[in-house]
Amino acid sequence: NVMLLVFGEPPLFMALNDLTQANAVPHCAPVNCGRVLDGLKKIVAPGVDDKKAWPILRSIVNADEKYIRWIMDLSTNPRHGDRSFIDGVPVQETVRRTWTVMNRFLEYRKSGNQPLPLATFPMLTG
C-alpha cells in the first residue's frame with residue numbers, strides 16, 4: 001500500500017508533499033521539484049557524495065543523467081535567490097518529469113526495492 005509506504009518514511013512523505021505543492025503553487029514548482037529529487041537521492045544514498053549518489057537514484061528509476069539534470073537545472077536559479085520569470089512550459093515539464101520519477105520511485109518501493117524492469121519502465125532520456 002503506497003499510503004503506508006509514504007506515511008512510514010518521513011523523508012518520502014516530505015518529498016511527496018513538496019511535489020504536491022509544486023502543483024498547488026506553480027511559481028514554487030522548480031524549487032520544489034529540485035528538492036524532491038534531492039530528497040529521493042538522499043533516501044537511497046544517505047551520506048553518499050553527490051557524484052556517487054545521483055547514479056544510484058538514476059538507476060533505480062531508469063533515467064539518464066540528462067533527464068534528471070533538466071529538472072535540477074531549472075531549479076538552480078530560483079534555489080539561489082534568482083526570482084526571474086520562468087515560462088510556464090518548462091515549469092509544466094519539470095513537474096511532469098518529477099511526477100514520473102516519483103511514480104517510478106514508489107513502484108520501486110512497492111516492489112520491495114527490486115529493480116524496475118526496462119520492458120515496463122523504459123529508460124527516461126533527455
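## Brief notes about unusual backbone geometry
Okay, step 1: Of note, Asn 62 is a non-glycine position whose phi angle comes to about 55°, a positive value.
Okay, step 2: If you trace the backbone, Asn 62 turns up in the loop between helix 4 (50-61) and helix 5 (65-79).
Okay, step 3: Given a relative accessible area of 7%, Asn 62 falls into the buried group.
Okay, step 4: Backbone geometry at Asn 113 places phi at a positive 65°, although glycine is not the residue there.
Okay, step 5: Tracing the chain through its elements places Asn 113 in the segment after helix 6 (88-110).

## Quick word on the nonpolar core
Okay, step 1: Core analysis: the largest hydrophobic core is formed by 34 residues, its most contacted members being Leu 12, Leu 40, Ile 68, Met 102 and Phe 105.
Okay, step 2: Elements with a contribution of two residues or more to this core: helix 2 (10-24), helix 3 (29-44), helix 4, helix 5 and helix 6.
Okay, step 3: Dropping the residues within four chain positions of it, Met 102 is found in contact with Leu 12, Ala 15, Leu 16, Leu 19, Val 36 and Leu 40.

## Describing the packing of aromatic side chains
Okay, step 1: Overall, the coordinates contain two aromatic pairs when judged by the stated rule.
Okay, step 2: A centroid spacing of 5.7 Å and a plane angle of 40° characterise the contact between Phe 7 and Phe 13, whose relative ring orientation is tilted.
Okay, step 3: For Phe 7, a relative accessible area of 52% corresponds to the exposed category.
Okay, step 4: The partly exposed category is assigned to Phe 13, whose relative accessible area is 38%.
Okay, step 5: Measuring from ring centre to ring centre gives 6.0 Å for Phe 105 and Tyr 108, while their planes differ by 45°; the resulting arrangement is tilted. With Phe 105 and Tyr 108 both in helix 6, this residue pair falls three residues apart, about one helical turn.
Okay, step 6: One Lys or Arg, Arg 97, reaches over the ring of Tyr 67 and ends 4.6 Å from the middle of that ring.
Okay, step 7: Sitting over the ring of Trp 70, Arg 97 keeps its end group 4.6 Å from the ring centre.

## Considering the pattern of salt bridges
Okay, step 1: Counted according to the given criterion, the structure contains eight salt bridges.
Okay, step 2: With a closest N to O distance of 3.0 Å, Asp 18 and Arg 35 form a salt bridge. With Asp 18 in helix 2 and Arg 35 in helix 3, the pair connects residues that are 17 residues apart, well separated along the chain.
Okay, step 3: In this structure, Asp 73 and Arg 69 form a salt bridge, with 3.3 Å as the shortest nitrogen-oxygen distance. You can see Asp 73 and its partner Arg 69 sitting in helix 5, four residues apart, about one turn around the helix.
Okay, step 4: Overall, Asp 73 belongs to the partly exposed group, its relative accessible area being 44%.
Okay, step 5: Judged by its relative accessible area of 36%, Arg 69 falls in the partly exposed class.
Okay, step 6: Each of Asp 38, Lys 41 and Asp 50 takes part in salt bridges that share partners, so that together they form one network.

## Details of the environment of Leu 37
Okay, step 1: Along the polypeptide, Leu 37 turns up in helix 3.
Okay, step 2: Judged by its relative accessible area of 0%, Leu 37 falls in the buried class.
Okay, step 3: Spatially, the C-alpha atoms of Leu 37 and Met 102 are 8.4 Å apart, while their sequence positions differ by 65 residues.
Okay, step 4: Apart from residues no more than four positions distant in its own chain, Leu 37 is found in contact with Trp 54, Leu 57, Ile 68, Ile 71, Met 72, Thr 98 and Val 101.

Conventions adopted
Going along each chain's sequence as written, the residues are numbered from 1 onward. For this predicted model, a pLDDT threshold of at least 70 governs which residues receive local features, and a threshold of 80 or more governs which side-chain atom pairs are given and counted, while totals over whole chains, interfaces and linings are taken from all residues. Hydrogens and water are ignored here; the side-chain numbers use all heavy atoms of the structure. In DSSP terms, a helix is any run of H or I states spanning at least four residues, a strand is any run of E spanning at least two, and both are numbered starting from the N terminus. Only protein chains enter the accessibility calculation, which uses a 1.4 Å probe; a residue is then buried when its area is under 20% of its type maximum, exposed when over 50%, and partly exposed in between. Residues belong to one nonpolar core when they are buried, are Ala, Val, Leu, Ile, Met, Phe, Trp, Tyr or Cys, and are joined through side-chain atoms within 4.5 Å. We call two residues in contact when some of their heavy atoms are within 4.5 Å. Any Phe, Tyr or Trp ring, taking Trp's six-membered ring, that has another such ring centre within 6.5 Å forms a pair; planes under 30 degrees apart are called stacked, those over 60 apart edge-to-face, and the others tilted. Here, a charge over a ring means that NZ of Lys or CZ of Arg falls within 6 Å of the ring centre while also lying within 35 degrees of the ring normal. Whenever Lys or Arg places a side-chain nitrogen within 4 Å of a carboxyl oxygen from Asp or Glu, that contact is recorded as a salt bridge.

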